[in-house]
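So the chains spell out like this:
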Amino acid sequence: MLGKLALAGIKNRRRDYLVLLAGLTMSAAIFYMFANLATNRAFLKANAMVNQASIIFGFGAVLLILITIVYIMYANSFLLSMRQHDYGLFMMLGATRKRIGELVFLETLILGTIATAIGIALGLLMSQFLVGLLLDMLGLHLAHLSAVYLPAIIATAVLYVGLFILASLFNMVRLTRTTVLKLLHTDEQANQPKIHPFRQMVAAVLGVAFLGIGYWALAAIKMLQVMAIPVALVTITIGTYLLFRATLLVIIQGLRRTKWAKRHLNGFLLGQLNFRVYNYTRMLTIVSLLFAMALGAITVGSGYHRQLPMMANSIGTYTVAIHNKNAQEQKLIDQLNVEHQATYTQKRQGKVVYYNAGELQQQPFELSKSAQLAKSLKHPKFYTESLAKFKKSGVQDFDFQSLAVRQDMGFYTPKILNAKQFAKQKGTTLTVTTVRVKDLVQDQKVLKQLNHMEVKRFALPEQVTVGNYQSYEMMSGIFGGLEFMGYFLGIAFLAMLASCLMFKILSGAPGDKQRYQMLYKIGVRQNLMRHGIAKEIGILFLIPGIMGVIDVLFGLQMFKPIMSSPMSPYLGIGSIFAIFIGLYAIYYAITLTLYWRIVLPKAPTN
């Protein structure tokens, strides 16, 4: 009987529960995706840089669990607030507190179990398609990464079902201790927070101090090493909460005394914010952290994706070196946007490789100015030397020696002979063609085919690279895991923060509906109400956004050791910020549209 009554209660309030169910489902899906990466030992071991970042995964998992607990607490509070009036009516009609408690327990557990099951299924689908899409876009291959991973499914199910069981017990105990009168009039209770100047000042000073410690810990990651991450997470979280707690109410109260508050519905807007600011402090803190983590992860992932080709181009003077090129390879070379090309004849005998001086005179081998490497990252400068000078020092250049690699991982010793001596010299004759392209990324597909054909015909020892393209492939293998993690976790955290903030705002919509109906009855135009709501929700989105951007600008310091010069975590940050803020604005527009539909009264039809 109780089961049917619980299902009937959920069915009757399905529109209200839909927002709650959607938020919990997205939360479970994101946690599963994260757990799939963090708990997959085969994946962590098979990918070098990902394995090194397993500590970050561990702290990230702890943080996500804490965020999930807080999120479920808010969801649970929303669930109980929607049904408190109904439970009060049931008690007035003779239902015992015990039976009502059991009903609450069943409703919470049923909704939580449904959300967890759908969330895991959604997480499987998102892992499958999102992982495949990201890997294709980034041109990466990560071993042992699959959408279905049983330990992650079990971890997600145990965590969420366990939390919902605890939430159900909490609801049951709380409800049985609440009077019937309080249940019936819970929506009519006002919450007017007061300002305590000394407390606000102390909280603000402590908040700034904690934030300063957190930002310093991230910048000093070389000294603090692993401890920098938990120190930063704890101090930045506490500092953000204290700063919001100390300043938001003061700012709102100050604005209420200005002339701006008397225009249009600005006074009502500030009253709304003043009414809910303390209830939103914890959620705004969580959202600002999620915003920072999402933006930071995408920025770092984009940094690797953008800077690896530039770093590879800055290493050497040619992109690929093709030995004894055939007709098929020549066709591929013709498809490239070639910036420089040269062909040399080699004669190899013993451990020595001989070159024709006449060819080097006509086509001087280009060298790079390594001293200006960092300054010339985008456009490396190349130069040539006279043949006499090249014989003395140029032949020792790594790029030149790499044109002839022995199977024992050494280089043939280069010697330059005049035309007559070279003609008489015995040995295995080969030609080598060096090609430097204008844009490695643009010609990546053709270069991949060329490199595959070259390696197949002239195998190289392991961990030996010839040309910028092979260096690029090696670096992609090393840093590709971090690049993938950045994009993947960034998207996951973005979805999580949108779910948290959207759910929190929409959860207050049923209570706001009565206030806007009253405004409509006294003659306020819907256009003014729309603008007022847009400002209110815009402020709630803007506050964590600003704090999140500040966190990212300081937090990127921790990636400097693994993105050392000529790479930089701040390179190209403007475009990434613009794209991310655009996505954030889309979530704002969706939330605003849903809020309008819930709270705005419909005009009467004749």
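Refer to the structure above for everything that follows.
Reading guide: rules and limits
All residue numbers refer to positions counted from 1 along the written sequence of the respective chain. It should be noted that, the model being predicted, local features are given only for residues of pLDDT at least 70 and side-chain atom pairs only at 80 or more, the latter also being counted only at that level, while totals for whole chains, interfaces and linings use all residues. Values reported for side chains reflect all heavy atoms of the structure, with hydrogen atoms and water molecules removed beforehand. In this description a helix means any DSSP run of H or I spanning at least four residues, a strand means any run of E spanning at least two, and both kinds are numbered starting from the N terminus. For every residue, the accessible area obtained with a 1.4 Å probe (protein chains only) is divided by the maximum for its type, and the residue is called buried under 20%, exposed over 50%, and partly exposed between those limits. Whether two residues touch is decided by their heavy atoms; if any such pair falls within 4.5 Å, the residues are in contact. Here the Shrake-Rupley method, with its probe set to 1.4 Å, supplies the accessible areas, and only the displayed protein chains count as covering residues. Exposure above 30% relative accessible area and no salt bridge define the residues that can form patches, which grow by joining like charges within 9 Å and nonpolar side chains of Val, Leu, Ile, Met, Phe, Trp and Tyr within 5 Å. One speaks of a salt bridge when a side-chain nitrogen belonging to Lys or Arg is within 4 Å of a carboxyl oxygen belonging to Asp or Glu. Note on pairing: DSSP must find at least two bridges between two strands before they are called paired. Lines fitted to C-alpha atoms define the axes here, with helix axes fitted over just the stretch in contact, and angles between the N-to-C directions of these axes take values from 0 to 180 degrees. Throughout, the protein atoms alone are placed on a 1 Å grid, and a set of points is a cavity if a 1.4 Å probe fits but cannot get out or a pocket if it is open with protein on both sides within 12 Å along at least five of seven lines; lining residues have an atom within 4 Å of a point. Grid points are joined across faces, edges and corners, and a volume is the space filled by probe spheres set on the points. Take the buried Ala, Val, Leu, Ile, Met, Phe, Trp, Tyr and Cys residues and link them wherever side-chain atoms come within 4.5 Å; each set so joined is a nonpolar core. An angle below 35 degrees is read as roughly parallel, one above 145 as roughly antiparallel, one from 65 to 115 as roughly perpendicular, and any other as oblique. Handedness of each helix crossing follows the sense of rotation of the near helix against the far helix: counterclockwise by less than a right angle gives left-handed, clockwise gives right-handed. Under the grouping applied here, Gly and all other residues not named as nonpolar or charged are polar, the nonpolar ones being Ala, Val, Leu, Ile, Met, Phe, Trp, Tyr, Cys and Pro and the charged ones Asp, Glu, Lys and Arg. Regarding the arc, it is the one traced by the directions from the helix axis to the C-beta atoms. By convention, a stacked pair of Phe, Tyr or Trp rings (six-membered ring in the case of Trp) has centres within 6.5 Å and planes under 30 degrees apart, an edge-to-face pair has planes over 60 apart, and any other such pair is tilted. Only four residue types enter the charge count: Lys and Arg as positive, Asp and Glu as negative, with His and the chain ends excluded.

> Lay out the overall build of the protein chain in plain terms, naming residues and giving numbers.
Secondary structure summary: the protein chain contains 22 helices and seven strands in total. Across the 606 residues that make up the protein chain, the buried fraction comes to 50%. When contacts within the protein chain are restricted to residue pairs at least 6 apart in sequence, long-range pairs at least 24 apart make up 83% of them. Total accessible area on the protein chain is roughly 29,700 Å²; 63% of this is exposed by carbon and sulfur atoms.

> Go over a nonpolar patch on the surface, please, and point to the residues and values.
A cluster of nonpolar side chains, Phe-198, Met-201, Val-202, Val-205 and Leu-206, forms an exposed patch at the surface whose accessible area comes to about 490 Å². In this fold, Met-201 is placed in helix 9 (residues 197–219).

> Hey, could you go over the sheet that holds strand 7 (residues 428–437) for me, with residue numbers and the actual values?
Read from one edge to the other, the open sheet built from five strands follows the order 1-7-2-3-6, with strand pairing classed as mixed. Two strands in the sheet have a free side with no partner beyond their single neighbour: strand 1 (320–323) and strand 6 (413–417). Pairwise comparison of adjacent strand axes, ignoring direction, gives a mean angle of 35° for this sheet. Inspection of the sheet shows strand 3 (residues 352–356) paired to strand 6 by five bridges, in the parallel sense. Bridging across to strand 6, Tyr-355 finds its partner in Ile-416. Strands in contact with helix 13 (residues 327–334) are strand 1, strand 2 (338–349) and strand 7; relative to strand 1, the strand with the most contacts, it is inclined by about 155°. Along the sheet face, helix 18 (residues 444–457) touches strand 1 and strand 7 and points at about 45° away from the line of strand 1.

> Any details on empty space enclosed by the protein? Residues and values, ideally.
For the structure shown, the criterion picks out five cavities of 30 Å³ or more. If you add up the space inside the second largest cavity, you get close to 60 Å³. If you trace the second largest cavity, you find it lined by Thr-317, Tyr-318, His-340, Tyr-344, Phe-365, Glu-366, Thr-434, Val-435 and Arg-436. Those elements giving two or more residues to the lining of the second largest cavity turn out to be strand 2 and strand 7. Here the element with the most residues in the lining of the second largest cavity is strand 7; it accounts for three residues.

> Could you give me a rundown of the pairing of strand 7, with the residues and numbers involved?
For a regular strand, side-chain orientation follows a simple rule: the groups alternate between the two sheet faces. Strand 7 sits mainly inside the fold: seven of its ten residues count as buried. With four bridges joining them, strand 1 and strand 7 adopt antiparallel strand pairing. For His-323, the partnering residue across the bridge sits in strand 7 and is Val-432. Sheet topology note: the strand 2/strand 7 ladder contains ten bridges and is antiparallel. Bridge pairing in strand 7 links Tyr-344 to Val-432.

> Got a sec to walk through the nonpolar core? Specific residues and values, please.
Side chains that are nonpolar tend, in soluble globular proteins, to be buried together. Counting residues in each nonpolar core, the largest one holds 95 residues, and the members touching the most others are Leu-290, Leu-295, Leu-497, Ile-505, Ile-533, Phe-580 and Tyr-595. For this core, the leading source of residues is helix 12 (residues 266–313), giving 18 residues. In this structure, Leu-403, Ala-404, Ile-416 and Val-432 belong to the second largest nonpolar core, which totals 21 residues.

> Explain the packing of helix 13 against helix 18 to me, and be specific about the residues and the numbers.
One way to put it is that helix 13 packs onto helix 18 with a least axis distance of 9 Å and a crossing angle of 155°. The pairing of helix 13 with helix 18 is recorded here as roughly antiparallel in orientation. With respect to the hand of their crossing, helix 13 and helix 18 are arranged in left-handed fashion. On the side of helix 13, the interface is formed by Gln-328, Glu-329, Leu-332 and Ile-333, while helix 18 contributes Val-446, Gln-449, Leu-450, Met-453, Glu-454 and Arg-457. Residue composition of the contact of helix 13 with helix 18, grouped by class: five nonpolar, two polar and three charged.

> An account of helix 13 is needed here, citing residue identities and associated values.
Structural remark: α-helix, 3.6 residues per turn; residues separated by three or four positions point the same way. The set of residues buried in helix 13 consists of Glu-329, Leu-332 and Ile-333. Mapping the buried residues of helix 13 onto a view down its axis gives an arc of 100°, with all of them on the same face. In helix 13, those exposed residues whose orientation departs by more than 90 degrees from the buried face are Ala-327, Gln-328, Lys-331 and Asp-334. Close packing links the buried residues of helix 13 with strand 1, strand 2, strand 7 and helix 18.

> Give a description of the pairing of strand 3 that names residues and reports values.
In terms of residue burial, strand 3 counts as a mostly covered element, since five of its five residues are buried. The alternating pattern of strand 3 places Val-352, Tyr-354 and Asn-356 and Val-353 and Tyr-355 on opposite faces, both of which are buried. Across four bridges, strand 2 lies against strand 3 in antiparallel orientation. Paired with Arg-348 across the strands is Val-353, a residue of strand 3. Linkage of strand 2 to strand 3, two consecutive antiparallel strands, is achieved through a turn of two residues, within which Gly-350 is found at a positive phi near 65°.

> Describe in detail the packing of aromatic side chains, supporting the description with residues and values.
Enumeration over the complete set of coordinates arrives at 15 aromatic pairs. Taken together, a centroid distance of 5.1 Å and an interplanar angle of 70° make the contact between Phe-365 and Phe-400 edge-to-face. In this pair, Phe-365 sits in the loop between helix 14 (357–362) and strand 4 (367–368) while Phe-400 sits in helix 16 (residues 398–401), placing the two residues 35 residues apart along the sequence. The residues Phe-365 and Phe-400 share a single accessibility class, namely buried.

> Outline the side chain of Glu-359, listing residues and values.
Checked against the element boundaries, Glu-359 lands in helix 14. Buried charged residue Glu-359 carries no salt bridge. Nearest counter-charge: Lys-347, at 9.9 Å. With sequence-adjacent residues up to four places away left out, Glu-359 is seen in contact with Thr-343, Tyr-344 and Thr-345.

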